[in-house]
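One-letter residues, chain by chain:
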Amino acid sequence: MVSLEVELFGIRFENPLILASGINDKVPEQWIRAHEEGAGGVVTKSIGIEPRKGYDNPTIVELPYGLINAMGLPNPGWKGFLEMVEGYTFDFPLIVSIFGGTPEEFAFLAEKLSDVANAFELNLSCPHAKGYGMEIGQNPENVYEVVKAVKDATDKPVIAKLTPNIDDITKLGLAAEKAGADAVSAINTLKAIAIDIYARRPILSNRVGGYSGPGVKPVALRAVYDLAKVLDIPVIGIGGITTWQDAVEFLLAGASALQIGTAVSLRGWKVFREINEGIEAYLESEGFSSVEEIVGLALG
């Protein structure tokens with residue numbers, strides 16, 4: 001009998017697939033839908049201190065091998081988030097994504113939202129919101145300070161979401177680990193742009209966005225591989241995971257769990273079930289009894 005169950009930072013997940021923070025996780029109904037369709041856990045849309053409307057349309061460009069998006073971190077703010085989840089109970093791990101401009105803002109959010117979060121993911125990597133995300137997360141010292149502040153503010157597990165828009169992502173991972181992070185997730189989107197050749201201007205209202213989808217998979221896989229080689233804490237793989245073969249590659253590269261976002265937009269919610277079934281069949285055919293047995297086998 002093959003088991004897809006994984007345990008991360010003391011939390012049990014039915015399987016290694018987690019809905020990624022992005023464009024399909026704004027409201028509880030989407031989180032519940034993801035779980036019903038086979039996700040073992042969910043990461044929320046990033047929550048900040050104040051409500052944000054986000055950027056004007058267009059905010060998404062579809063390409064042959066993925067999407068470029070610049071949503072502008074739209075969210076209801078922490079108070080609105082608590083109102084939104086009031087009355088809901090979730091029978092799956094809920095990881096709350098938070099963002100801020102300073103370590104103190106991150107710590108404030110973690111303290112205010114600890115009662116509803118099973119864990120926190122720190123958005124240190126959004127490539128298109130001025131003053132947030134990547135602008136903070138490209139500096140290992142900033143990563144250290146933010147993680148440490150959040151760890152001091154909450155007893156919930158803390159995941160640092162890392163940007164690939166840097167010369168060496170392991171510097172960020174090591175800084176997060178040193179500060180006490182319970183895991184890292186990698187990667188967030190690649191900084192990108194698309195241009196309308198007839199309007200002769202960038203398509204997105206923000207001009208620059210983040211590229212995600214199948215086209216980023218080799219970059220994400222390399223980042224996970226590099227991080228898994230140097231870190232003692234779990235690595236959660238993100239980036240272009242669309243098929244069960246993609247998922248197995250990430251597991252072999254050292255990912256302990258996987259986040260899926262753009263594939264939901266491109267292939268629908270069924271993608272969770274399809275990938276789980278593929279992983280299960282692979283494990284069975286290759287003589288393994290659990291997901292954890294294959295994590296990191298390609299590191300060598």
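Residues numbered from 1 in each chain as written. Predicted model: local features only at pLDDT ≥ 70, side-chain atom pairs only at ≥ 80, totals over all residues. Heavy atoms only, no water.

J.: Provide a residue-level description of the packing of helix α5 (residues 140–153) against helix α6 (residues 169–178), including the pertinent values.
T.: Between α5 and α6, the least distance of the axes is 8 Å, while the angle of their chain directions is 30°. The angle between α5 and α6 falls in the class roughly parallel. In this structure, α5 meets α6 at a crossing whose hand is right-handed. Across the interface between the two elements, P140, V143, Y144 and V147 from α5 touch K171, L172, A175, A176 and K178 from α6. Here the contact of α5 with α6 is composed, by residue class, of 7 nonpolar, no polar and 2 charged. (Axes fitted to C-alpha atoms, helices over the stretch in contact; angles between N-to-C directions. Helix = DSSP H or I, 4+ residues; strand = E, 2+ residues; numbered from the N terminus. Parallel < 35°, antiparallel > 145°, perpendicular 65-115°, else oblique. Left-handed = near helix turned anticlockwise from the far one by under 90°. Contact = heavy atoms within 4.5 Å. Nonpolar A, V, L, I, M, F, W, Y, C, P; charged D, E, K, R; others polar.)

J.: If you had to explain the sheet that holds strand β8 (residues 119–123) to someone new, which residues and values would you point to?
T.: Read once around its circumference, the closed barrel built from 8 strands follows the order β3-β4-β7-β8-β9-β10-β15-β16, with strand pairing classed as parallel. Ignoring strand direction, the axes of neighbouring strands in this sheet form an average angle of 25°. (Pairing = 2+ DSSP bridges.)

J.: Account for the side chain of N24, with residues named and values stated.
T.: Residue placement: N24 occurs in the loop between β3 (17–19) and α1 (28–36). Classification of N24 as buried rests on a relative accessible area of 14%. A polar side-chain atom of N24 sits 3.5 Å from the main-chain carbonyl oxygen of G261. A polar contact is formed between the side chain of N24 and the side chain of S265, at a distance of 3.0 Å. (Buried < 20%, exposed > 50% of the residue type's maximum accessible area, 1.4 Å probe, protein only. Polar contact = N/O pair within 3.5 Å; in protein donor to acceptor, adjacent residues only side chain to side chain.)

J.: Explain helix α7 (residues 217–230) to me, using residue names and the numbers behind them.
T.: Counted at 1.5 Å a residue, the expected span for α7 with its 14 residues is 20 Å, and the 20 Å between its end C-alpha atoms agrees. Those residues of α7 that fall on the buried side of the exposure criterion are K217, A220, L221, A223, V224, L227 and A228. Within α7, the buried residues cover an arc of 160° as seen down the axis, which keeps them to one side. In this structure, the buried residues of α7 make contact with α6, β10 (183–186), β15 (235–238), α8 (244–252) and β16 (255–260). (Expected span 1.5 Å × (residues − 1). Arc of directions from axis to C-beta.)

J.: Before we move on, can you summarise the nonpolar core with the specific residues and values?
T.: Formed by 84 residues in total, the largest nonpolar core has its most connected members in I98, L122, V184, I260, F272 and I279. For I98, the contacting residues outside a window of four places in its chain are I47, F106, L109, A110, L113, F120, E121, L122 and N123. Ranked by size, the runner-up nonpolar core spans 9 residues in total, among them V61, A70, A192 and V216. (Core = buried A, V, L, I, M, F, W, Y, C linked by side-chain atoms within 4.5 Å.)

J.: Explain the packing of α6 against α7 to me, using residue names and the numbers behind them.
T.: The contact between α6 and α7 brings their axes to 9 Å, and the two run at 45°. With respect to their mutual orientation, α6 and α7 come out oblique. Between α6 and α7 the crossing geometry is right-handed. Along its contact with α6, which presents I169, T170, G173, L174 and E177, the element α7 presents R222, A223, D226, L227 and V230. A breakdown of the residues in the contact of α6 with α7 according to their chemical character gives 5 nonpolar, 2 polar and 3 charged.

J.: So what's going on with the pairing of β16? Residues and values would help.
T.: Side chains on a regular strand alternate between the two faces of the sheet. Burial of β16 is extensive: 6 of the 6 residues sit out of reach of the surface. By the bridge criterion, 4 bridges tie β15 to β16 in an arrangement that is parallel. Among the inter-strand pairings, I236 is bridged to a residue of β16, identified as A257. For the crossover that starts at β15, traverses α8 and ends in the parallel β16, the hand is right-handed. (Right-handed = clockwise from strand over helix to strand, strands pointing away.)

Keep in mind these values describe shape, not function.
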